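# Examining the three-dimensional arrangement
Spelled out from the first residue to the last, the chains are:
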Amino acid sequence: MLDFERFNNILEQNGRQTDTLRYGENYIFHILYHRLSVKEINFDSFSLQDINNVIEEFGDYFEFIEDTEEYFINSKSPLYAMASTYNIISLLNSTPHLRFKRKHKFL
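In this report, the structure presented in the accompanying data block is examined. Everything quoted here is computed from the prediction, not taken from an experiment. (Residues numbered from 1 in each chain as written. Predicted model: local features only at pLDDT ≥ 70, side-chain atom pairs only at ≥ 80, totals over all residues. Heavy atoms only, no water.)

On to the side chain of Glu-25, then. As for its placement among the helices and strands, Glu-25 is situated in helix H2 (residues 23–34). For Glu-25, a relative accessible area of 6% translates into the label buried. Within the structure, Glu-25 has its side chain in polar contact with the side chain of Asn-53 (distance 3.0 Å). Among all residues touching Glu-25, those that are not within four sequence positions of it are Asp-50, Asn-53, Val-54 and Glu-57. (Helix = DSSP H or I, 4+ residues; strand = E, 2+ residues; numbered from the N terminus. Buried < 20%, exposed > 50% of the residue type's maximum accessible area, 1.4 Å probe, protein only. Polar contact = N/O pair within 3.5 Å; in protein donor to acceptor, adjacent residues only side chain to side chain. Contact = heavy atoms within 4.5 Å.)

With that settled, the discussion passes to the pairing of strand S1 (residues 62–65). Summarising the sheet, S1 and strand S2 (residues 70–73) pair through 4 bridges and their orientation is antiparallel. Residue Phe-62 lies in a different strand from S2, and its bridge partner there is Ile-73. What sits between S1 and S2 in their antiparallel hairpin is a turn of 4 residues, with Glu-69 showing a positive phi close to 55°. (Pairing = 2+ DSSP bridges.)

Here the focus is unusual backbone geometry. Not every positive phi belongs to a glycine, and Arg-35 is a case in point at roughly 50°. Along the chain, the position of Arg-35 falls in the loop between H2 and helix H3 (48–58). Judged by its relative accessible area of 74%, Arg-35 is exposed. Positive phi is not limited to glycine here, since Glu-69 has a value of about 55°. Relative to the helices and strands, Glu-69 resides in the loop between S1 and S2. Since its relative accessible area comes to 65%, Glu-69 is described here as exposed.

What follows is the structure, given as structure tokens:
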């Protein structure tokens, strides 16, 4: 079972430092992952330097296995984190009996 309070605490401790520094780069990965059309892209959300950073690091995020001719996404990649997060949210949304635990009992 997922411990969302622990997850939230870790995000609060570590997320703010890196989110603001790499926001534009993460938005570019969001565009790539969701295959947004040009009309859906907010071009004010990233800079040319963000694009250059993504291009420089992009090859490091994948590993090609010649025997099977498959690509594997490195677990340290923003794409891996994004895909994992979306998969978890998708699984939660498809659960037929999803109920939220309340802090206080309702009488």
